[in-house]
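# Overview (structure and organization)
In case you want the letters, here they are:
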Amino acid sequence: MSTQIELQRHLKDRSYYEELYDKITIDHCKRWEDCYRKMDIDDLCKKTKSTKKEAISSLSGFCNMHMWFEKGARAAEKEERIQEWINADKALDKLLEDSIEPRTFCTKCDRLMQLRYKRVEKDYDNSNNDKVIFLLQCPDCEGRKWVYEDGTEREPYKRLCEKCSSEMEHAGEKMTKKMVKTTYKCTKCEHKEVDELDLSEEDPKEKEKELAEFMKDKARYCLDEKGLQEYKEGRDNLKRMEELVKEFKKDDDIRPQLKEIEKLSVASLEKKLKATLRRKGFDKLRTSEPKVDKYITVDVKLRDAKEDREEYQSKQDLKHAVEKTLEKTNWSLMTTGISYRLGVLECSLKGHDSEDQIKELVRSREKKAAKKR
Ligand SMILES: [Zn+2]
Ligand SMILES: [Zn+2]
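Analysis parameters
- Residues numbered from 1 in each chain as written.
- Chains lettered and ligands numbered in written order.
- Predicted model: local features only at pLDDT ≥ 70, side-chain atom pairs only at ≥ 80, totals over all residues.
- Helix = DSSP H or I, 4+ residues; strand = E, 2+ residues; numbered from the N terminus.
- Rg over C-alpha atoms; globule rule 2.2 N^0.38 Å.
- Buried ≥ 20, exposed ≤ 12 C-beta atoms within 10 Å, placed from the backbone.
- Contact = placed C-beta atoms within 7 Å.
- Core = buried A, V, L, I, M, F, W, Y, C linked by C-beta atoms within 7 Å.
- Pairing = 2+ DSSP bridges.
- Axes fitted to C-alpha atoms, helices over the stretch in contact; angles between N-to-C directions.
- Domains from an automatic or database assignment.
- Parallel < 35°, antiparallel > 145°, perpendicular 65-115°, else oblique.
- Expected span 1.5 Å × (residues − 1).
- Arc of directions from axis to C-beta.
- Left-handed = near helix turned anticlockwise from the far one by under 90°.
- Nonpolar A, V, L, I, M, F, W, Y, C, P; charged D, E, K, R; others polar.

## Quick word on the overall build of the chain
For the chain, the count of helices and strands is nine helices and twelve strands. Since a compact globule built from 373 residues should have a radius of gyration of about 21 Å, the 43 Å found for the chain marks it as more spread out than a globular shape. Projected onto its principal axes, the C-alpha positions of the chain cover 130 × 60 × 45 Å. When each of the 373 residues of the chain is scored for burial, the buried share is 10%. Counted over contacts in the chain with a minimum sequence separation of 6, partners at least 24 positions apart contribute 52%.

Structure representation (structure tokens):
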């Protein structure tokens, strides 16, 4: 038979958790600000080789930026943390509600003991070890016991003397409007100890002052909905910027070469080739219809104008001339090579259009050049 007893409740109003979270945020931010305030400016001047004015200015700029991050991060986590706290307290309530006191008999009277009170004993390191402890009382002799759900009894608390470590005993209580004084005296020596429990209510003026302080700090350190939104946007912008910088830096090694690349259309390619190849003794240059695929390819047909040039020399000269002409353009000679029949030469050119293709081209040229070096 279980007696109706009042259960201790863990779950509180939402405002309790919000206030608690804000108070931790305020504490956290104030501690950081304190760190900056206590920094050794002279030392900073020496290390950064700057004047006092410069050091103070950059330190305050850095502090502001850091605080912006701290406040934002705290605000961004608020909802999730509060939900965790609420869930943890709900779990404690459930643990307590579902617990059943073990059947325990009075060691003196052999009567079934009755439940007087129960509460959760928290294990702050591991909530899985939280357990319920029951206060049971014998209906006859009124003897009491603290037991856990599995029936094990908790050792009664012994207060030990500070002087001789002997057990102390309760020696009376004095109660006034504002205070309860409980006295304990040592069973061996003369030592006495008094516990004081303050019952006086907090001064309303003091309370008001505290609240005003809290509201002021809250406005300074705890972001509201709008502030949080601004923080999130700012944070996301920074992230994007970081990625841009990373992307930009990725091509740092070939940036000068990329800048030099002349992007030619098929028409300007033909014009350029005609002009330079004629000087090397090749004429009648014709280009085919460009093939548009991942890359643009163009077949080039032309005639060797030097009658005494042999096939091998002709092909070599054309190769060098084409490569030299295309050197700083988005076009390259295809590896299929150059064909030669009765003074008519043919080759294919590959056009690089997109930024990635051009980067790839520049990189492959750099590799070739490095091999020659
Ligand atoms: Zn009893
Ligand atoms: Zn003692």
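## Focus: the nonpolar core
Val300, Leu302, Cys347 and Leu349 are the most contacted members of the largest nonpolar core, which has 14 residues in total. For this core, the elements supplying multiple residues, two or more each, are α7 (266–279), β9 (296–304), α8 (311–326) and β12 (344–351). Residues within four places of Cys347 in sequence aside, it is in contact with Val300, Val322, Leu333 and Ile338.

## Observations regarding the environment of Ser99
Here Ser99 shows up in the loop between α3 (52–98) and β1 (114–121). For Ser99, a count of 18 C-beta atoms within 10 Å corresponds to the partly exposed category. For the pair Ser99 and Glu149, spaced 50 residues apart in the sequence, the C-alpha separation amounts to 7.3 Å. When near neighbours in sequence (up to four residues on either side) are disregarded, Ser99 contacts Lys118, Val132 and Glu149.

## Some words on the environment of Met175
Considering the arrangement of structural elements, one finds Met175 in strand β4 (residues 168–175). Each C-alpha atom of the pair Met175 and Ser200 lies 12 Å from the other, and the pair is 25 residues apart in sequence.

## Notes on the sheet that holds strand β2 (residues 131–137)
Ordered in space as β1-β2-β3, the three strands form an open sheet in which the pairing is antiparallel. Edge strands, defined here as strands with exactly one partner in the open sheet, are β1 and β3 (144–148). Here the strands of the sheet are splayed against their neighbours by 25° on average, with no regard to which way each runs. Along the sheet, α3 makes contact with β1 and β2, crossing β1 at roughly 155°.

## Here's the deal with the domain arrangement of the chain
What the domain assignment lists for the chain is domain 1 (1–98 + 203–250), domain 2 (158–200) and domain 3 (258–372). When each unit is reduced to the centre of its C-alpha atoms, the spacing between domain 2 and domain 3 is 102 Å.

## A few points about the packing of helix α2 (residues 41–48) against α3
The N-to-C vectors of α2 and α3 enclose an angle of 100°; their axes lie 9 Å apart at closest approach. Classified by the angle their axes make, α2 and α3 are roughly perpendicular. Contact with α2, carried on its side by Ile41, Leu44, Cys45 and Thr48, involves Lys52, Ala55, Ile56 and Leu59 of α3 and no other residues of that element.

## Regarding α7
Between its terminal C-alpha atoms α7 stretches 20 Å, which fits the 20 Å expected from 14 residues at 1.5 Å a residue. Along α7, the residues that are buried comprise Leu269, Leu273 and Leu277. Taken end-on, α7 shows its buried residues confined to a sector of 40°, consistent with a single buried face. Exposed side chains of α7 directed beyond 90 degrees from the buried face belong to Ala267, Ser268, Ala275 and Arg279. Of the surrounding elements, those touching the buried residues of α7 are β7 (282–287), β9, α8 and β10 (331–333). Backbone geometry just after α7 places Gly281 at a positive phi near 85°.

## A few points about the sheet that holds strand β5 (residues 179–186)
Read from one edge of the open sheet, three strands run β4-β5-β6, paired in antiparallel fashion. Each edge of the open sheet is held by one strand with a lone partner, namely β4 and β6 (192–198). The mean angle between the axes of side-by-side strands here comes to 20°, regardless of whether they run parallel or antiparallel. Sheet topology note: the β5/β6 ladder contains seven bridges and is antiparallel.

## Some remarks on the packing of α3 against helix α5 (residues 225–250)
Interhelical geometry of α3 versus α5 gives an angle of 115° and a closest axis separation of 9 Å. When the axis of α3 is compared with that of α5, the two are roughly perpendicular. Along this stretch, α3 crosses α5, giving a crossing that reads as left-handed. Contact with α3, carried on its side by Gly72, Ala75 and Ala76, involves Gly227, Leu228, Tyr231, Lys232 and Arg235 of α5 and no other residues of that element. For the contact of α3 with α5, a count of residues per class yields four nonpolar, two polar and two charged.

## A word on the pairing of β2
Look at any regular strand and the pattern is simple: side chains alternate between the two faces of the sheet. The pairing of β1 with β2 spans seven bridges and is classified as antiparallel. From the neighbouring strand, Val120 faces β2, where its bridge partner is Val132.

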